[in-house]
Amino acid sequence: MVVRSLRVIDRDNCTVELRVGAVYQMLAYMGAIVARLSDDDAYQRERATIDTILASARPHLWSHEPACFAQWFELEAQ
Amino acid sequence: MIPLLAGWELEQLVDAFSLTHPSGGARVFYRERGGRPKPVGVLVRMILAGWPHLTIKSTGPLERLYTAEGEAAATLALECEDASHPVSIVLGFVITDELFTSIAGVCRRTALADEVARTVRELVRHEKLALGARRRRFEYRPPTGWQPSRQGLVTEWLPPGYPRHATSLVVHPATPHAAADAHLDALEPYIVSAGCDDVTTDAAETGTTRHGMPFEARTVRFRRKDERRCARVIVLADQRYQYPIELRAGTSIDDTELRALADLVDSIVAFEPTGTDAFTHWIK
C-alpha cells in the first residue's frame, strides 16, 4: 500500500479539497481508495477512520486464511 | 479427545468440557474441534474475551510443539490478575488445515501453577484427533516479497515482477508415501496431459537439505502453446511423507530462481515422527 495526499486548490491558492489516496498492487492488478475531505481539520478529525479503512483493503486474490501453514502460529494478526 | 485426569472433576459445558483440580484451585477447559482454524493470536483474544474481569500482566513466549500424532500445536502462558489476585493461564492449541482444538488452564493458586502448565502441555501433546496420514500443508519460509495465490492445499508464490517475470514457486501439500507417486515418476504424463508436448525430463538428482532431509530433484522441459518452458521439481521425504515443491520458469531457470527454490526447500519443517506415550502415569 502506498499512501499519498494531495490538495486541490483554486486559482487563489485556497484549498478546495484534500484527497488522501492509497494505491495497492497485487500481481497484475492495481486498486485504489481515495478519501475526499473539505480541509485539514476534517482530515485530522477522521484520520483514524480513514487509516483503518485504507489498511483494511484486501485484494480478492488473497485467501482469508493464511497462505503458509506457519502463519497459523503467529500471535499478531497480519 | 484428551485423557481424563485422575482425581480431576469432569463437567460438561455447552461446547466444551472442564476438568477441575481436586483442590478446586485450578480448572482446565477443553474444546475439541472448535471450528475452522484461526491464527493463534486470534484464538487467544477470543478466549480471553470470555474472561473480561481478567487483567493481563505478562505474556510468555509462544511455545511450538507437536502432538504425539504429529499435529502442529502451540502453548502460551499468561500471568493475569483478577481483583488483585494472581491468576496463571496456560493456553494450548492444536491446529490442522481444517480445524482447531483449544485447551485453557486457569490456575488461581500459585503453588499449582507449574503443575497446571505441565498438565496443559501434556494434554496438548496427547490430544487425539485421529486424522491419520493425509495430504496436508507443512511449514516453510516463503520467499521474501513474493505474493501467494492459494488454492486448496496448494500455494503458488509469485515474484514481485509477475507476470512479466513469469516464474512461480508452487508448494504442494505433503503427501503420505503410499499415495505419492504423482510427482517425479508420473511427471511427464502429467505435463503431457496438461496440453504440453515435446517433453524431455532430465535424470533425477539426489541430495540432502541443510537440515539433512533427503530429496530427489528433476528438471523437465516442454513446449506449451509454442512457447518453451521448464520446471524443476524437488521432492523431499521423511519416514511418512513426501514434500513436493515445483519451480515453474520460462525457457530456462536462472540463479536467482534456483536460490529462491533452494532457500524455500531448506526452510521446510518436516512433521515430527509419532512419539511414544509417556503420559500414562498421569491418568492413574
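Residues numbered from 1 in each chain as written. Chains lettered and ligands numbered in written order. Predicted model: local features only at pLDDT ≥ 70, side-chain atom pairs only at ≥ 80, totals over all residues. Heavy atoms only, no water.

Enquirer: Break down the environment of Phe 29 of chain B for me, citing the residues and quoting the values.
Expert: Residue and element names in this part refer to chain B. Secondary-structure assignment places Phe 29 in strand β3 (residues 26-31). The spatial distance from the C-alpha of Phe 29 to the C-alpha of Ile 103 is 5.6 Å, given a sequence separation of 74 residues. Here Phe 29 is in contact with Leu 13, Phe 17, Ser 18, Trp 51, Ser 102, Ile 103, Ala 104 and Val 106, once residues within four sequence places are set aside. (Helix = DSSP H or I, 4+ residues; strand = E, 2+ residues; numbered from the N terminus. Contact = heavy atoms within 4.5 Å.)

Enquirer: Describe the interface of chain B and chain A, naming the residues involved and giving the relevant values.
Expert: On the chain A side, the residues contacting the 30 residues of chain B number 18 residues. Between chain B and chain A, a total of about 2100 Å² is buried, with carbon and sulfur atoms accounting for 63% of that surface. Counting the contacts that link chain B with chain A gives 0 salt bridges. (Buried area = accessible area lost by both parts, 1.4 Å probe. Salt bridge = Lys/Arg side-chain N within 4 Å of Asp/Glu carboxyl O.)

Enquirer: Quick rundown of the sheet that holds strand β2 (residues 15-26) of chain A? Include the residues and the values.
Expert: Residue and element names in this part refer to chain A. If you walk across this open sheet you meet the 3 strands as β1-β2-β3, and the pairing is antiparallel. Edge positions in the open sheet fall to β1 (2-9) and β3 (29-37), since each of these has one partner strand only. Across this sheet, the average inter-strand angle for adjacent strands is 20°, counted without regard to direction. Pairing geometry for β2 and β3, over 9 bridges, is antiparallel. Bridge assignment links Leu 18 to a residue of β3, and that residue is Leu 37. Here helix α1 (residues 40-56) sits on the sheet in contact with β1, β2 and β3, set at roughly 150° to β3. (Pairing = 2+ DSSP bridges. Axes fitted to C-alpha atoms, helices over the stretch in contact; angles between N-to-C directions.)

Enquirer: Now, about empty space enclosed by the protein: what can you tell me, with residues and values included?
Expert: Counted according to the given criterion, the structure contains 2 cavities of 30 Å³ or more. Size it by volume and the largest cavity reaches roughly 50 Å³. Taken together, Ala 67, Cys 68 and Phe 69 of chain A together with Arg 137, Phe 138, Tyr 140, Leu 153, Thr 155, Val 171 and His 172 of chain B make up the lining of the largest cavity. Residue composition of the lining of the largest cavity, grouped by class: 7 nonpolar, 2 polar and 1 charged. Of the volumes computed, that of the second largest cavity is approximately 30 Å³. Looking at the second largest cavity, the residues that line it are Phe 69 of chain A together with Glu 71, Ala 72, Ile 95, Thr 96, Asp 97, Arg 134, Arg 136 and Arg 137 of chain B. Partitioned by chemical class, the residues of the lining of the second largest cavity number 3 nonpolar, 1 polar and 5 charged. (1 Å grid on protein atoms, 1.4 Å probe; cavity = no way out; pocket = protein on both sides within 12 Å on 5 of 7 lines; lining within 4 Å. Points joined across faces, edges and corners; volume = space filled by probe spheres on them. Nonpolar A, V, L, I, M, F, W, Y, C, P; charged D, E, K, R; others polar.)

Enquirer: Residues and numbers for a nonpolar patch on the surface, please.
Expert: Residue and element names in this part refer to chain A. Together, Val 2, Val 23 and Met 30 give the surface a local cluster of nonpolar side chains, amounting to about 280 Å² of exposed area. Along the chain, Val 23 falls in strand β2. Of the residues examined, Val 23 reaches a relative accessible area of 35% and is grouped as partly exposed. (Patch = residues over 30% accessible without salt bridge, like charges linked within 9 Å, V, L, I, M, F, W, Y side chains within 5 Å. Areas by Shrake-Rupley, 256 points an atom, 1.4 Å probe, with all protein chains shown as cover. Buried < 20%, exposed > 50% of the residue type's maximum accessible area, 1.4 Å probe, protein only.)

Enquirer: Tell me about the environment of Tyr 24 of chain A, and please be specific about residues and values.
Expert: Residue and element names in this part refer to chain A. Position of Tyr 24 relative to the elements: it lies in strand β2. Distance in space between the C-alpha atoms of Tyr 24 and Leu 54 is 9.7 Å, their sequence separation being 30 residues. In this structure, Tyr 24 is in contact with Met 1, Tyr 29, Met 30, Gly 31, Ala 32, Ile 33, Leu 54 and Ala 57, ignoring residues within four places of it in sequence. There is a polar contact of 2.6 Å between the side chain of Tyr 24 and the backbone oxygen of Leu 54. (Polar contact = N/O pair within 3.5 Å; in protein donor to acceptor, adjacent residues only side chain to side chain.)

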